[in-house]
Every structure is written in C-alpha cells, then in structure tokens.
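# What the coordinates show
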Amino acid sequence: MKVEMIGFDGKREDSSIMVRDPESGRVYFEKKRMDNISVIKLPENRYIGSTVAENGSGKGCKDAIVSLFNKREIIFRPRLVQSDGTGVNTGHENGAISLLEEEFESPVQWVICFLHHLDLPLLALVEFYFGEGRGPRERGFTGYLGEVISGEELHKQPVVAFEAIKPEDELPILEASSLNKDQYTFIRLLRAVVTGKCPKEDSALRMPVLSSVRWLSCATRILRAYISIQEPPEAMKRLVEYVCKVYGPMWLKAKHQPNLVNGAGHLFEEMKRIENYCTEEEKQILQPSVQRNSYFAHSENLLLSLLGSDELEDREFAVRQILKIRRKEKEEEKEKEKQPEKQKKKQKKSKKVRAFKIPTLQWGVDEARRMIKEEDFISQPPLLMDVSDDTVNSFIDRPWSTDLVCHSQAVEKAVQLTSSKTRLIGENKDAAALNTEISRRNRPQMRSLADYS
C-alpha cells in the first residue's frame, strides 16, 4: 500500500508493559507513562495504526511514525500531513512535520486543525479576565469567576432571567449525530444565550470536565454560569459576548463547512469578527494569539483556498501567484546550473526543505487574499507541485476541490480508539485497535427504520 496523506496525534498516558524479574524470571505487568502516536490515512480517515514514541519531542514523534510505516511495509511518500497545533508538531526547525519533510527531502502540505486554533485566542481572553488556570491536574481557575465555572454542580444551578446576546448572522445548524456529548451541550447552551430562552432540559445537561487542552468545555461552562447569575460581572459579559459572536459561530462554521478550501476563509472571518466585536484592549490580547497560530494564512494554504473560491478574482489571483512562484523557482535552478561543480555539491549537501514560517497577518483588510502581503506568497502548495501549468490555469474556470477537511477530529477519534486499548500489551494493543476499526468500517450503518428492512 502507498500512503501520501496522513493525520497523526499523540497522547501521553499510562500503558501496560510486560516486565521480567532478572533474578526470579517471573513475568509481571506494570503501568508506564508512554507517548502513544495514532496515525490515519487521509482523506479516507482510515486507521493505519499506533506506535510508541521514544520521547515526547518532535524527533521522537517523527521516528515513531516512520518506524510504523516500515513495520507495516507501507510505502510512505508524504504530500500532506494533518495534526493539531502543538509546538512538538509544528516547530519550523524541530517539529515533527518539519522533520518528516527533511527525512523525505520534500515539502508537505501543512493542515493544522482550525478547531484547535480557535481554542487558543479563547484561552488568552479567559486568562486575561480570570487569571491563569490552576494547571492540568487541579483544573479550573482562581478567583470568583473561576470558582463559578469550575463547580461540579453547575448544571443544577437555577436559570435566571438573562440578556440575550445575538450575533448579526444566523448560527449554522448541525446534525446531532455528528456531535459528541460535549459538543451537543455547547451548541444547546449557545443557542439558549443567543435566543434568550433556555429550555429546562438544556439547563440540566451535565457540564463537560474542564480541560487544559479542550477549551470548548470552558466555553460551555461560561455560558451555563452566565444564565445562572442575576447580575453577571462585566468580565463574564465580555467573555460570553466573545463566545457568542466570535468563538461559537466560527466553531460551528468550521464544523458545518469543514472542507480544506474553507480554512483560510474561516481564519479571515475570525479576524473580521474580532475587529468588529472586541474592545481595543481585547484586540491587544487576541491578535498575537491569532497570529501565532494562523497556519491557514501561509501562502501554501491560502493559495489552495483562493483556487477553490467562488470568486473569479480570487482564482485569477491565485493562478498568477502560483505561476509567478514557479517562474522564480525555474530561474533559481538555472542560476544553480551555472555554478561550478564544487559549489553545486556543497549546496546539495546543505540543501534543506523550506522552513514553514507563518507570515505577518494584515488586520483591517477587506479581502482574504490581502490578509498577508503579496511578497509573502513565497511558495506554492505542495499538493499542486506535480500539476502542470495548464491544469493550474484551468482552475480559473473550474475551482479546485478536495475531500480533505480543515480540522483533525478524525485523528482524535483514532487517539480515543488507541486509548481504549491501553490495558493490552505491545503489538496486541495496536492489533486490537486495528481490528476494531475494520469492524466499525464494515458494520452496516443503521440511521433510520428503513435501514433495518
């Protein structure tokens, strides 16, 4: 089997290992903290397997992924890699994706989860108003507001008359079958605050556990606390307004329109919402956070979005930029050919794949293609490197399309699958997870009574 596009994610957790006593020869089991890496094949979201990284570094993660493919005898020629935005994965020098590019001496398309991106500005604003969190073990925040949203009995608090906070546009509607419990609870409470009416069954929904890596749970608890406080403090009102007018609508849009083509458009809309709905003080907090994680603003991702745009001007702009980049690359190759042989060999030895660095965002612009400077369009999408100039030109009349998505929730499901097998040992764990995935894939989908006939 040949694999070109993958998604991966890791989780550090207690796993069972088999230990042999050197003196008695007895075999026993003990738990050890390990970095489990789960890998899926895109765009089918097919589970490939799981492996253990030697350590939690980018190199450890990269080595584990390469080792998994070698063990499975899978031909791995990466063109696209999807992951969340943690520094271990995305560091432009020692991140796992950069190291995979160096390993295979070829750039790949970076698809960094947009839903994770949305969490980080929210975290920055929550810490601005609540203070820093207590940490992953204690969970929650300090101070009055922190205590309010951290309570275990929050779902039992009575609902009071509260002020509705409405965004200017309608919220997208998602099918309940596509949501987990925490996501469903968030959407129900978001709609309650937006409409100003909270049905009894929605107020009684159990609150998700606060997590230092999943900020949807924090947003849900903020909404639930808001509808239970007679006179909420100004800080809570500001947070609820951010959730209802920026975080919530963008989260729903990323779920409702998840296609990779929409990634840069979602980022641009998030920027516009921050400019329209946030105070100057909040912008000073939010804009650096958005900047640090704006992977969809990189020319390689932005050009893909523009090629798939419904706007003719966007597609023409993208085609011009890609052809311009290609001409420049050809000129650089010709210059290299003119160099002496010794210098060519020296450059070949020191050759590195381009460093994937996020360009500076341009706030206050009115078009997505303007959110980075024109000189920042420095590299073409790796997904299109093998596509001819004629085919690129054809995207002016026929927008580029793909089945890939802008978030990594399929990878998170693979991580959950791997985690459910942690009591098993070594390769047994990976085999059990793989068998479960195959069984699920082959199981008939029963979505209505007609499916049973």
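About the cut-offs
Residues numbered from 1 in each chain as written. Predicted model: local features only at pLDDT ≥ 70, side-chain atom pairs only at ≥ 80, totals over all residues. Heavy atoms only, no water. Helix = DSSP H or I, 4+ residues; strand = E, 2+ residues; numbered from the N terminus. Buried < 20%, exposed > 50% of the residue type's maximum accessible area, 1.4 Å probe, protein only. Areas by Shrake-Rupley, 256 points an atom, 1.4 Å probe, with all protein chains shown as cover. Contact = heavy atoms within 4.5 Å. Axes fitted to C-alpha atoms, helices over the stretch in contact; angles between N-to-C directions. Parallel < 35°, antiparallel > 145°, perpendicular 65-115°, else oblique. Left-handed = near helix turned anticlockwise from the far one by under 90°. Phe/Tyr/Trp six-rings, centres within 6.5 Å; stacked < 30°, edge-to-face > 60°. Lys NZ or Arg CZ within 6 Å of the ring centre and 35° of its normal. Core = buried A, V, L, I, M, F, W, Y, C linked by side-chain atoms within 4.5 Å. Salt bridge = Lys/Arg side-chain N within 4 Å of Asp/Glu carboxyl O.

For the rest of this paragraph, the subject is the overall build of the protein chain. Along the protein chain, the regular secondary structure elements total 17 helices and five strands. Among the 453 residues that make up the protein chain, the fraction classed as buried is 50%. Total accessible area on the protein chain is roughly 23900 Å²; 47% of this is exposed by carbon and sulfur atoms.

Right, let's get into the side chain of Ser83. Inspection of the secondary structure puts Ser83 in strand β4 (residues 75–83). Residue class for Ser83 comes out buried when judged on its relative accessible area of 0%. Aside from chain neighbours lying at most four places away, what touches Ser83 is Phe8, Asn89, Ile97, Val111, Ile112, Cys113 and Ser408.

Before going further, it helps to examine the packing of helix α1 (residues 58–71) against helix α3 (residues 96–104). Any two packed helices are characterised by how steeply their axes cross, that is the angle between the axes, and by the distance between the axes. Two elements in contact, α1 and α3, have axes whose closest approach is 8 Å; the angle formed by their N-to-C orientations is 55°. Comparing their axes, α3 and α1 come out oblique. When you trace α1 past α3, the crossing you get is right-handed. Along the contact surface, α1 presents Gly58, Lys59, Cys61, Lys62, Ile65 and Val66, while α3 presents Ala96, Leu99, Leu100, Glu103 and Phe104.

Another aspect to go through is the packing of aromatic side chains. Across all of its chains, the model carries ten aromatic pairs by this definition. Centre to centre, the rings of Phe69 and Phe76 are 4.2 Å apart; their planes meet at 5°, and the pair counts as stacked. The two residues Phe69 and Phe76 agree in class, both being buried. Through successive ring pairs, a cluster of aromatic residues spans Phe69, Phe76 and Phe104. A cation over an aromatic ring shows up here: Arg369 above the ring of Phe317, its NZ or CZ 5.9 Å from the ring centre.

This part covers the nonpolar core. By size, the foremost hydrophobic cluster in this structure holds 98 residues, and its most contacted members are Phe186, Tyr247 and Trp251. Looking at this core element by element, the count peaks at 13 residues for helix α9 (residues 234–256). Apart from residues lying up to four places away in sequence, Trp251 is in contact with Leu115, Leu118, Leu174, Leu179, Gln183, Phe186, Ile187 and Leu216. Residues Val39, Val66, Val108 and Trp110 belong to the second largest nonpolar core, which totals 24 residues.

For the coordinates displayed, the defined rule picks out 25 salt bridges. Among the ionic pairs, Arg238 bridges to Glu282, the shortest N-O distance being 2.8 Å. With Arg238 in helix α9 and Glu282 in helix α11 (residues 280–292), the pair connects residues that are 44 residues apart, well separated along the chain. Look at Arg238 and you get buried, because its relative accessible area is 14%.

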